[in-house]
Amino acid sequence: MGRVFLLELEGRAYRCRFCDSPLALADHVLSRSFNCRKGRAYLFEHAVNISVGPEEERQLMSGVHTVADIFCCCCGQLLGWKYMASRDKSQKYKEGKVVLERWRILEDVGGEDYNLLDAQQNLSDVEFAQQLVADGSDLDTMDVGAECLGKPSLDGLSH
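All residue numbers refer to positions counted from 1 along the written sequence of the respective chain. Since the coordinates come from a predicted model, pLDDT governs what is reported: local features require at least 70, and pairs of side-chain atoms require 80 or more to be given and counted, while whole-chain, interface and lining totals use all residues. Side-chain metrics in this entry use all non-hydrogen atoms of the structure; hydrogen atoms and water are not considered.

Caption draft 1: Looking closely at the confidence of the model for the protein chain. One confidence number per residue, pLDDT, is output by the predictor and ranges from 0 to 100. With 66% of its residues at a pLDDT of 70 or more, the protein chain shows a mean pLDDT of 77. Secondary structure counts use DSSP, requiring at least four H or I residues in a row for a helix and at least two E residues in a row for a strand, with both numbered from the N terminus. Here strand E10 (residues 112-114) stands out as the element of the protein chain with the lowest mean pLDDT, 46, in contrast to strand E8 (residues 98-101), whose mean of 96 is the highest. Contacts of residues 112-125 to residues separated by more than four positions or lying in other chains number 33 contacts, the stretch itself having pLDDT below 50. Residue contacts are defined here by distance: any two heavy atoms, one from each residue, within 4.5 Å place the two residues in contact. This model gives residues 138-159 a pLDDT under 50, and the stretch forms 54 contacts once residues within four places in sequence are excluded.

Caption draft 2: Focus on the packing of aromatic side chains. Only Phe, Tyr and Trp rings are paired, with Trp represented by its six-membered ring, and only when their centres lie within 6.5 Å; those with planes under 30 degrees apart are stacked, over 60 edge-to-face, the remainder tilted. Tallied over the full model, the rule gives four aromatic pairs. Each residue in the set Tyr 14, Tyr 42 and Phe 44 is aromatic and connected to the rest through ring pairs, giving one cluster. Here, a charge over a ring is recorded when the distance from Lys NZ or Arg CZ to the ring centre is within 6 Å and its angle to the ring normal is within 35 degrees. Directly above the aromatic system of Tyr 42 lies the positively charged group of Arg 32, at a separation of 5.2 Å from the ring centroid.

Caption draft 3: Highlighting the pattern of salt bridges. One side-chain nitrogen of Lys or Arg within 4 Å of one carboxyl oxygen of Asp or Glu is enough to make a salt bridge. Per the counting criterion, the structure on display carries nine salt bridges. Glu 8 is paired through a salt bridge with Arg 15; the nearest N and O atoms lie 3.8 Å apart. Lys 92 is the partner of Glu 95 in a salt bridge, and the nearest nitrogen-oxygen pair spans 3.3 Å. Exposure is judged per residue with a 1.4 Å probe applied to protein chains only, and the accessible area is read against the type maximum: over 50% gives exposed, under 20% gives buried, and values in between give partly exposed. Using a relative accessible area of 28% as the deciding quantity, one classes Glu 95 as partly exposed. Take Lys 92: its relative accessible area is 39%, and that puts it in the partly exposed class. Among the charged side chains, a network of salt bridges with common partners joins Glu 8, Arg 15 and Asp 20.

Caption draft 4: Seen up close, the sheet that holds strand E7 (residues 78-86). Read from one edge of the open sheet, six strands run E3-E4-E8-E7-E6-E5, paired in antiparallel fashion. Each edge of the open sheet carries a strand with a single partner, namely strand E3 (29-36) and strand E5 (50-60). This sheet shows a mean twist of 30° between the axes of neighbouring strands, independent of strand direction. A pair of strands is labelled paired if DSSP reports no fewer than 2 bridges between them. Strand direction decides the pairing type here: strand E6 (residues 63-72) and E7, joined by seven bridges, are antiparallel. Within E7, the residue paired with Phe 71 across the bridge is Leu 78. Axes here mean lines fitted to C-alpha atoms, for a helix over just the part in contact, with angles spanning 0 to 180 degrees between N-to-C directions.

Caption draft 5: Structural context of unusual backbone geometry. A positive phi angle is found at Asp 20, which is not glycine, with a value near 70°. Structurally, Asp 20 can be placed in the loop between strand E1 (13-16) and strand E2 (22-25). On the accessibility criterion, Asp 20 (34% relative accessible area) is partly exposed. The phi angle at Asn 49 is positive, at roughly 60°, despite the residue not being glycine. Residue placement: Asn 49 occurs in the loop between strand E4 (39-44) and E5. Judged by its relative accessible area of 7%, Asn 49 falls in the buried class.

Caption draft 6: Fine view of the side chain of Lys 94. Relative to the helices and strands, Lys 94 resides in the loop between E7 and E8. Accessibility expressed as a relative area gives 3% for Lys 94, which makes it buried. Within the structure, the side chain of Lys 94 is placed 3.0 Å from the side chain of Ser 62, a separation counted as a polar contact. In protein, a polar contact requires one atom able to donate a hydrogen and another able to accept it; more generally it is a pair of N or O atoms within 3.5 Å, and residues adjacent in sequence count only if both atoms are side-chain atoms.

As structure tokens, then:
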């Protein structure tokens, strides 16, 4: 294995919580309303300093998508997933986009790292989904793993 070269980002950026590698610019956030098993997530136009795992089909709340897990290229931690393809025409805008789980990243503000994200790490998947429903969120429009709602995932796959 060779030496890892990291791209540095100019401006406010999100970094890996585990090794502090820069991942994406705050200006590249497309949506803050995505969800994952452990809380909220952000949809980004693109990310750097990541490696992409193998593609697989997953049943997400918005339908079946071909996705690939993404990992920090420095420490190897799972960070989220990348949308590779979507069967549903209304979901095509996600193709090529990256989702970073908020509890796995830190926001770099003015050269100092602060955890300004409101990921709710203390809630179980079921409690989180129940809270979303109680808050009036429309789960059909969110990417919450099917297992969060007590529904089996497609072919045992989950995100």
